[in-house]
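Coordinates in review
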Amino acid sequence: MNKFPIEIEKGLTTDEYILNMGPQHPSTHGVLRVVLKMDGEVVKDAIPDVGYIHTGLEKMFENRKYEQIIPYTDRTDYLSAVNNNLAYCLAVEKLLGIEVPERAKIMRVILCELNRIMSHLLWYSAYGLDMGALTPIIYAFREREEVIDLVESMTGGRLTHNALRIGGFKYDLPKDFIYKLKNFISHFNDRIDEYEALLINNVIFVNRTKDIGVLKKEIAISYGVTGPSLRGSDISYDLRKIEPYSGYEKFEFDVCTGKNGDTLDRCKVRMNEMRQSIRILEQAIDHLKDGDIMAKVPKVIKPAPGEIYCAVEGPRGETGVYIVSDGSEKPYRIKLRSPSFSNLSVLKEIVVGYKIADLVAIMGSLDLVIPEIDR
Amino acid sequence: MIKYIKNIITGIISLCEGLSVTLKHVFRKPITLQYPEQKPDLQLRYRGRLVMPVDPEKNDIRCTACMICAKVCPNHSILEIEKVIEDGKPKPKAKKYIYNLGTCMFCNLCVEACPFAAIIMSDEYALANEDKEKLILELVSEKYNLTGKKLNWWKSKFKDETINKEKVQK
Amino acid sequence: MELIKDILYNTDKILKDFYNWAYKLWSSFNLPFFILDIVFYLLITLAVAAFLVFNALFIIYYDRKVAAKFQVRYGPNRVGYKGILQTVADTIKLLIKEDINADKVDKIVFFLAPFLVFIPSFLVFLVIPFGKGLIPADLNIGILYVLAITGLSVLGILSAGWASNNKYSLIGGMRSAAQIISYEIPMVLVILSVLLLSGSLKMGDIINAQSSISKWFIFVQPIGFILFLIAGNAEINRAPFDLPEAESELVSGFITEYSAMKFAFFFLAEYTNLFLTSAIATTLFLGGWQGPFLPPFVWFIIKTYLVITLLMWFRWTFPRIRVDHLMEFSWKYLTPIAFVNLIATAILVKFI
């Protein structure tokens, strides 16, 4: 078996060498292995090698009842569990033809946006570490802790919330949830300004990210890149606007886009998205009315035979679920569309010719979550 | 030349902004929780390990060994439920309730499925163990006593449900 | 009481008296004087070594506490009062750890590298003026000696990177060689402009030239001071210039393969270098040990730790510079500015 997926040209001796980055490397964020062909410090080729934490989730789903699958969807993209839950629940609800009550829809939006903030804050702190700044992680985690506490008070879980149920929610929001949420919103925008002053606007950071890893529009589209990585390349594609789900059509927010598609743009898009999430949360508090939180769902969930694809805009991009039902209690097949997988596959296109330090910066700006890639 | 100087000045300004942010934080209070001495204030709905508390009013567990929780568990963490047998007939009461903490993923589905609110996720969170065998727990003989706000929450849960049942019967 | 006061404030006189007394005593035995000289030098070396170790232990603790302050947390606070013994515990742990030698390393060079890194920083202490008369040897080429010796530490880092037989280590070693050599130039230029003002390479003369606060060279050379800090920080491979050991890129750079005692030596050298850079900055720009009321030694330590704190502040705020920007920064920004600074100083000295 060939040890490395790349081969060095034979013949004249060159000074190219192969560098194994990962599976245990501080900045591959998990167990991703990237095999690099290097010339000195310059990356000549990069091949991601995935599958180190393959858990066989999709196969596992075939042996679970529909309602039992929800906790497993938490564990794909564990940084934004609710978004995964939502994609799955929407798909099943569509199969069953259930209309979710209004209050549950707004609650779902609130949880999704809190999850988006959680995920982006973690990206920010980890990206700071990738860039060698050691302080942002502490500041961002301080606010992330507040968000986690909020979501925990609602669902009981800190990362794997298992928040949604098919048809709505099991439990209503706790009494002081809205008060705490308002409290959080009131100071979070200032904190984002602080983060930007600390890292994003720093001249060292700007020099390291500007015009680095430029992702061209055509390449981004042809690889199926989604989420902030795509919007950084000046493509205004956001499922919340284009195919609104779960009542997103009621909310006013901007789709943040970058201009050049370089690393800096991707970073700025994420920072601005947090501000937009705050806007959505503010509106959601106004929209939230008393009412039912659970639709009428049959006791045994047995969708009619058929298939469905449902996607939501997760923090990393289009999180999709494709279900084939054969009419039994268990799905015939479930396919997850994970945004990180498509985002990772574009790595080779944008990293060649840059230095190893840039590779870290570019890979960080794609915001990869490895369990989601391997599933 | 002008661009060169401009570069330097904007660079220095941006660096100073960063420095001022860290300097501001020197005067803020530390956010660390001194863990073993200071325990975190857990949320009411926090999902620790599964317990079968003793109902203080009946002084007994509420489980009827109906097996719904075992059926709903996604990864078969509730291994075995045995009913009390009196006079050769099974009674609606659990004698043995074996729960595998090692495979449990704290999804709360069993608790939600239970029609009698017999089980609940407790506040216990430091659950690591050196021995895998010790992770297989028997919940009935444990006679777990809930305390604090979790107890009140749990009580309110089954009171609500008994009221609901009465309503349905009427 | 009088004696203690003299020891604190007029150390040079006391030391001179002590030498004379010892020589007189020695001559009554009719033994050759070089033995006494050797004994004195050994004593001085021991004192410096003891200072170095305890100082490094404290700086590590101090660094962690300062980092904690900037990061709104507590820092070490379990071992000893407020965690003061934390670094002692860490050191003991490092000493009793298994010393792992990878199979394919170049054994001799791998073994020597930590010492090659550490010895230059130890040697520099020869010309550090801790206080009035408290200088192991006030060479008349003092600052030149510092520059010559600190340049040697690149050898150790490079050989550590090479001997580890690890690609990450090698990249780290190469980076460090490029970095240290290119930052030497702006540093030398800045020091030159200070020397123009002082008119001597001798540490004692440089300090004497700044006899009052208004004469401190930081006020004549503010740009020089900043340049010196930047270049000095780059010389000792600390963030934001920690490219040779860039954690997120090169795992741990040239110290990836090191463990236990050898790792401890790299650590010791790093923090000693931090102290040295700050000490030299103090001597060159902040008037050395001079100051009112407090004993000279205390003033020296206070000023040095102020500079250390400043460097730590930079460390915990800024992201890491990329390797080619580092070179660009040195050659396109630092060196020209240092040149302009030098010429301006020369004109200033000549005509005013």
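Before reading further, recall that the structure is shown in the block above.
Below or above, wherever it landed, is the structure these notes cover. (Residues numbered from 1 in each chain as written. Chains lettered and ligands numbered in written order. Predicted model: local features only at pLDDT ≥ 70, side-chain atom pairs only at ≥ 80, totals over all residues. Heavy atoms only, no water.)

**Some remarks on the overall build of chain B**
Rules: Labels follow the DSSP assignment, with helices taken as runs of H or I lasting at least four residues and strands as runs of E lasting at least two, numbered in each case from the N terminus. Note on method: radius of gyration uses C-alpha positions; expected globular size equals 2.2 Å times residues raised to 0.38. We call a residue buried when its accessible area falls under 20% of the maximum for its residue type, exposed when it is over 50%, and partly exposed in between, using a 1.4 Å probe and counting protein chains only. Only heavy atoms matter for contacts: two residues are in contact if any of them lie within 4.5 Å across the pair. The charged-residue count follows a simple rule in which Lys and Arg add positive charge and Asp and Glu add negative charge, with His and chain termini not counted at all. The atom standing in for a charge is NZ when the residue is Lys, CZ when it is Arg, CG when it is Asp and CD when it is Glu.
Summing up its helical and strand segments, chain B has four helices and five strands in all. When the helices and strands of chain B are listed from N to C terminus, the series reads α-β-α-β-β-α-β-β-α. Against the 2.2 N^0.38 benchmark of 15 Å for 170 residues, chain B shows a C-alpha radius of gyration of 26 Å, more extended than a compact globule. Projected onto its principal axes, the C-alpha coordinates of chain B cover approximately 100 × 45 × 35 Å. For chain B, the proportion of its 170 residues judged to be buried stands at 41%. Long-range pairs, those at least 24 residues apart, make up 73% of the contacts in chain B with a sequence separation of at least 6. Computed over 29 positive and 21 negative side-chain charges, the separation of the two mean positions in chain B equals 7 Å.

**A look at the overall build of chain C**
Our working rule: Each accessible area value is a Shrake-Rupley result obtained with a 1.4 Å probe; residue values ignore everything except the protein chains displayed when judging cover.
Scanning chain C from terminus to terminus reveals 15 helices and zero strands. Relative to the compact-globule value of 20 Å for 352 residues, chain C shows a C-alpha radius of gyration of 21 Å, a close match. Considering only C-alpha atoms, chain C reaches an extent of 60 × 55 × 45 Å along its principal axes. Per-residue burial over chain C gives 52% buried out of 352 residues. Long-range contacts, defined here as pairs at least 24 residues apart, represent 73% of the contacts in chain C between residues at least 6 apart. Summed over all atoms, the accessible surface of chain C reaches about 16200 Å², with 73% contributed by carbon and sulfur. Where the 27 positive side-chain charges of chain C centre and where its 23 negative ones centre are 6 Å apart.

**Describing the side chain of His161 of chain A**
The residue His161 of chain A is located in the loop between α5 (136-155) and α6 (177-200) in this model. Residue class for His161 of chain A comes out buried when judged on its relative accessible area of 0%.

**A closer look at the sheet that holds strand β5 (residues 136-138) of chain B**
All names here are of chain B. The criterion, for reference: Being paired, for any two strands, means DSSP has found at least two bridges between them. Between N-to-C directions, angles span 0 to 180 degrees; the directions come from axes that are lines fitted to C-alpha atoms, helices contributing only their stretch in contact.
Strand order in the open sheet made by the three strands is β2-β3-β5, with antiparallel pairing throughout. Two strands close off the open sheet at either side, each with one partner strand: β2 (78-86) and β5. Across this sheet, the average inter-strand angle for adjacent strands is 30°, counted without regard to direction. The pairing of strand β3 (residues 89-100) with β5 spans three bridges and is antiparallel.

**Re the interface of chain B and chain C**
We apply this condition: The quantity reported as buried area is the accessible area (1.4 Å probe) lost by two parts once they are put together, taken as the sum for both. The working definition used for a salt bridge is a side-chain nitrogen of Lys or Arg within 4 Å of a carboxyl oxygen of Asp or Glu. Pairs of N or O atoms are called polar contacts if they sit within 3.5 Å, as long as, within protein, a hydrogen donor faces a hydrogen acceptor (for residues adjacent in sequence, only side-chain-to-side-chain pairs). Basically, the charged four are Asp, Glu, Lys and Arg, the nonpolar ten are Ala, Val, Leu, Ile, Met, Phe, Trp, Tyr, Cys and Pro, and anything else, Gly included, counts as polar.
Counting residues at the interface gives 19 residues for chain B and 16 residues for chain C. Of the roughly 1600 Å² buried between chain B and chain C, counting both surfaces, carbon and sulfur atoms make up 65%. Put simply, Glu37 of chain B and Arg78 of chain C hold a salt bridge, and the shortest N to O gap is 3.2 Å. Across the chain B-chain C interface, the total number found is eight residue pairs in polar contact (both at pLDDT 80 or more). Among the residues forming the side of chain B that touches chain C, the class breakdown is 10 nonpolar, six polar and three charged.

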